[in-house]
Amino acid sequence: MHRTLTWGCQCVVVDGTIRLSDNIELWNKTDATLAFDFQSSITAFVIRGFSGAYIHSPSRTGVIDGAGQKWWDAFAGQEALDENSLRRPILLTIWESDHVKLEGIWMKNSPMWNNFITDSSYITYTDMRVSVQSENENEPKNSDGWDTYRSDHVLIEKSHVVVGDDCFSFKPNSTFITVRDLYCEGTHGVSVGSLAQYKGVYDIVQDAWVSNITFVGGSNAVRIKTWAGDVGSALVQNVHYDDITVQNVTEALTIDACYFNLDAEECAAYPTKVDIVNVTVSNVRGTVAKDNVADLVCAEDATCDISFSAIDLNPISGKEPVYSCQGVTTEVGVPCTAAESSA
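Residues numbered from 1 in each chain as written. Predicted model: local features only at pLDDT ≥ 70, side-chain atom pairs only at ≥ 80, totals over all residues. Heavy atoms only, no water.

Please explain the pairing of strand β11 (residues 115-118) as it appears in this structure.
Successive residues of a regular strand alternate their side chains across the two faces of the sheet. Covered by surrounding structure in β11 are N115 and I117 together with F116 and T118, the residues of both alternating faces. Two elements, strand β8 (residues 89-95) and β11, share 4 bridges in a ladder whose sense is parallel. Bridging across to β11, T93 finds its partner in F116. Across 3 bridges, β11 lies against strand β14 (residues 146-149) in parallel orientation. Bridge pairing in β14 places F116 opposite D147. (Buried < 20%, exposed > 50% of the residue type's maximum accessible area, 1.4 Å probe, protein only. Helix = DSSP H or I, 4+ residues; strand = E, 2+ residues; numbered from the N terminus. Pairing = 2+ DSSP bridges.)

Got a minute to help me understand the side chain of S174 in this structure?
Relative to the helices and strands, S174 is located in strand β17 (residues 174-185). Looking at S174, the relative accessible area reads 0%, which means it is buried. A distance of 2.8 Å separates the side chain of S174 from the side chain of T148, its partner in a polar contact. Excluding residues within four positions of it along the chain, S174 makes contact with T148, Y149, S151, I204, V205 and Q206. (Polar contact = N/O pair within 3.5 Å; in protein donor to acceptor, adjacent residues only side chain to side chain. Contact = heavy atoms within 4.5 Å.)

I'm lost on the packing of aromatic side chains in this one. Help?
Note on aromatic pairs: each is described by the distance of the centres and the angle between the planes. In total, this model carries 12 aromatic pairs according to the counting rule given. Taking the centre distance of 4.2 Å and the plane angle of 20 degrees together, the rings of F38 and Y149 count as stacked. With F38 in the loop between β4 (34-36) and β5 (41-48) and Y149 in strand β14, this pair connects stretches of sequence that are 111 residues apart. Given a relative accessible area of 6%, F38 falls into the buried group. The class for Y149 is buried, based on a relative accessible area of 14%. On the numbers, 5.6 Å between centres and 75 degrees between planes, the contact of Y125 with W146 is edge-to-face. Taken together, the residues Y125 in strand β12 (residues 121-126) and W146 in strand β14 connect sequence positions 21 residues apart. The exposure class assigned to Y125 is buried, which follows from its relative accessible area of 0%. (Phe/Tyr/Trp six-rings, centres within 6.5 Å; stacked < 30°, edge-to-face > 60°.)

This is the structure we're talking about:
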């Protein structure tokens, strides 16, 4: 890797492999990571305070390797948000930066999320490859492709993603975000959220566009996930999904208003305080593993202004698709039923 300064741009060429040490004790005993309050995150590589940076692999041989296997083994049986669980580093964080572009790099085997964009503007990733692959039964967890937080004007495009969690996640206060032309395999979809996790905090995801995405396998495709209970509140506004292809995903359309294993009784007593305003989902086609192709759960006391059009989803069983709806009080463009999830 070498770094040159050209036309005022901080330019980095990555045409080899940068590999994190997998010595967990070393990471935990030193100040090798930076910590964030949000979801108790820590990070390995950090781009901070840059304005005008171009990080790329002209030969398309550049690799950033998180060496995640030992972390996945050590984390087996734990959950990221559990108290005292092992904190694993995010592979790359862009923080307090603007006009940064990454292109043509393979990011692999992150211990945690692959990319975290926080407190930044005008960030672009293009022609990237992001993947995780375990060598044993301890699967990668929380291996999101990208997460945006308190950031705006972000573009993610033309990339190939094989991870076991969100292909992309709009975390709180993500605005003017475009996600397009992605292949997402084995993922939890392109997700809004999770939102409203923290008591007294108001989250916003607004002005976002998701288009031309192919989802292969995995649990979800289009997804909104919000917390219930004694937590915060949020607004999801002007978010648009279009031109979505699904191939054997478990469930194609999801609004989860009781996220992260909260029991149904508590969700009923303290429903989510998240308003959904002008969210559209259009031109979605393909095959779904369950007969229940959609599970749409809105809080009855919150706004649920979401509409669907040109939806053509087919269960692999050959049966008619079921669109399960709860708390949806207006016509949304799919044939809602109160039926429970089937197969």
